[in-house]
Amino acid sequence: MQPFKVKITLASPLFMDSEYPIHLDALLAYASVQEMERAGEDDCWAKTDQHMSDFLARTDGKDWVWKTSKLIVAASSDIMLSNQIRKSDPEMYFKDLYTEDTPDGVWVSGFLKNGNVRGIDPETFGIKTASGQQRGYQWLTASRWVRDITAYGVGDIDAIEYYLTQHIKYIGKVGRNGYGRVASIDVSSHDREDDWRLRVLPLDEPGKAGFSYATVQACIRPPYWRKTDRVMSKELIA
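The written sequence of each chain sets the order in which its residues are numbered from 1. In keeping with the predicted nature of the model, local features appear solely for residues at pLDDT of at least 70, side-chain atom pairs appear and are counted solely at 80 or more, and the whole-chain, interface and lining totals rest on all residues. By convention in this description, side-chain values take in all heavy atoms of the structure and omit both hydrogens and water.

**Student:** Help me out: how do you make sense of the sheet that holds strand β4 (residues 80–86) in this one?
**Tutor:** As summarised here, the arrangement of the three strands in space is β2-β5-β4, forming an open sheet in which the pairing is antiparallel. Each of the sheet's edge strands pairs with one partner strand only, and the pair in question is β2 (14–16) and β4. The mean inter-strand angle of the sheet, taken between neighbouring strand axes irrespective of direction, is 45°. Strand pairing follows a simple DSSP-based rule, namely that at least 2 bridges must link the two strands. By definition, any uninterrupted DSSP run of H or I lasting at least four residues is a helix, any uninterrupted run of E lasting at least two residues is a strand, and each is numbered from the N terminus. Bridging between β2 and strand β5 (residues 137–144) involves three bridges; their strand directions are antiparallel. Paired with Met16 across the two strands is Ala142, which belongs to β5. To obtain an axis, a line is fitted to C-alpha atoms, over the contacting stretch when the element is a helix, and the angle between two such axes runs from 0 to 180 degrees between their N-to-C directions.

**Student:** What's the story with helix α4 (residues 157–167) in this structure? I'm lost.
**Tutor:** An α-helix turns once every 3.6 residues. As a result, residues three or four positions apart point the same way. Residues of α4 that are buried: Ile157, Ala159, Ile160, Tyr163, Leu164 and His167. Angularly, the buried residues of α4 cover 165° about the axis, an arc narrow enough to put them on a single face. Only heavy atoms enter the contact rule, under which two residues are in contact if any of them lie within 4.5 Å. Looking at the buried residues of α4, the elements they touch are β1 (2–10), α1 (24–38), α2 (48–52), β6 (146–155) and β7 (182–189). Type-normalised accessible area, obtained with a 1.4 Å probe on protein chains alone, sets the label of each residue: buried when under 20%, exposed when over 50%, and partly exposed for intermediate values. This arc corresponds to the set of directions leading from the helix axis out to the C-beta atoms.

**Student:** I tried to follow the environment of Gln2 on my own but got confused; where do I start?
**Tutor:** Residue placement: Gln2 occurs in strand β1. Each C-alpha atom, one on Gln2 and one on Ser18, is 31 Å from the other, the two residues being 16 residues apart in sequence.

**Student:** How should the sheet that holds β1 be read in this particular structure?
**Tutor:** For sheets, the rule is that strands pair by backbone hydrogen bonds, running either parallel or antiparallel. Strand order in the open sheet made by the four strands is β3-β6-β1-β7, with antiparallel pairing throughout. On the outer flanks of this sheet lie β3 (72–75) and β7, each paired with one strand and no other. Between one strand and the next, the sheet's axes are offset by a mean angle of 20°, whatever the strand orientation. The pairing of β3 with β6 spans four bridges and is classified as antiparallel. Each bridged residue has a counterpart across the sheet, and for Ile72 the counterpart in β6 is Thr150.

**Student:** Help me out: how do you make sense of the nonpolar core in this one?
**Tutor:** Within soluble globular proteins, side chains that are nonpolar generally end up buried alongside one another. Think of a nonpolar core as a cluster: buried Ala, Val, Leu, Ile, Met, Phe, Trp, Tyr and Cys residues, connected wherever their side-chain atoms sit within 4.5 Å. In this structure, Val6, Leu24, Leu28, Ile160, Leu164 and Ile171 are the most contacted members of the largest nonpolar core, which totals 29 residues. If we skip the residues at most four places from it in the chain, Leu24 touches Phe4, Val6, Thr68, Ser69, Lys70, Leu71, Ala151, Tyr152 and Leu164. Among the nonpolar cores identified, the runner-up in size contains 13 residues, and Val65, Ala218, Ile220 and Leu236 belong to it.

**Student:** What is the right way to look at the pairing of β6 in this model?
**Tutor:** Along β6, nine of the ten residues are buried, which leaves the element largely enclosed by surrounding structure. As judged from the seven bridges shared by β1 and β6, these two strands associate in the antiparallel manner. Bridging from a neighbouring strand, Gln2 pairs with Gly155 of β6.

**Student:** Please clarify how the side chain of Lys234 should be interpreted in this entry.
**Tutor:** Structurally, the position occupied by Lys234 is in strand β10 (residues 231–236). Neither His nor the chain ends is counted toward charge; the positive residues are Lys and Arg and the negative residues Asp and Glu. Each reported salt bridge corresponds to a side-chain nitrogen of Lys or Arg within 4 Å of a carboxyl oxygen of Asp or Glu. No salt bridge is formed by the buried Lys234; the nearest opposite charge belongs to Asp204, separated by 7.3 Å. Polar contacts here mean pairs of N or O atoms no more than 3.5 Å apart (in protein, one a potential hydrogen donor and the other a potential acceptor; neighbouring residues in sequence count only if both atoms are side-chain atoms). In terms of polar contacts, Lys234 uses its side chain to reach the backbone carbonyl oxygen of Glu205, at 2.6 Å. In this structure, Lys234 is in contact with Arg199, Val200, Leu201, Pro202, Leu203, Glu205, Pro206, Gly207, Tyr213, Ala214, Thr215 and Val216, ignoring residues within four places of it in sequence.

In structure tokens form, the structure reads like this:
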């Protein structure tokens, strides 16, 4: 395994939805799951650590992390705001409502204390278009054009390139609407082995020299969305 650099260019603006960083190992974990599912394996998320250890280096100890940096975004435009709406559609919601007569429904009106689905009273039940889960609403989405996205790590360059180019087609959220569409991914050798430290790190793991970190409570390895895995750690200050 050797130090590498990843450079990603996008064909559409990047969706800006959070102050939390995106880490390269998160993309590789997703790609690994896709690869295992393609091979017909089950319970793939539980196997990601073992799978990724074949091509990606990691630190030692209980609070270990993959040797990959966060994604470093070089913006090329100011933040752009786009107006979006979600229309409330009671007719469609009624068709998708779970009842004894429609057991394939995907949503319910609520649950009783015993866990059973609350029954529907056709005389009083209705869908509120101004409040609740099925309401209609308006919001502004933030996005920006980026010149490129860079990340660093230590691992098998050929394998890293394969997983990224085969499975990563969008960066960030709302790819279904065209945001963050990947135009190209280039993986090359790199001459600074410690650049992977530009990421969230365990408190006892040295940061990269010359950079500052803030103490936070965060996940230090995938899946980063699992809040119960958060530990005291340190985050790179941009």
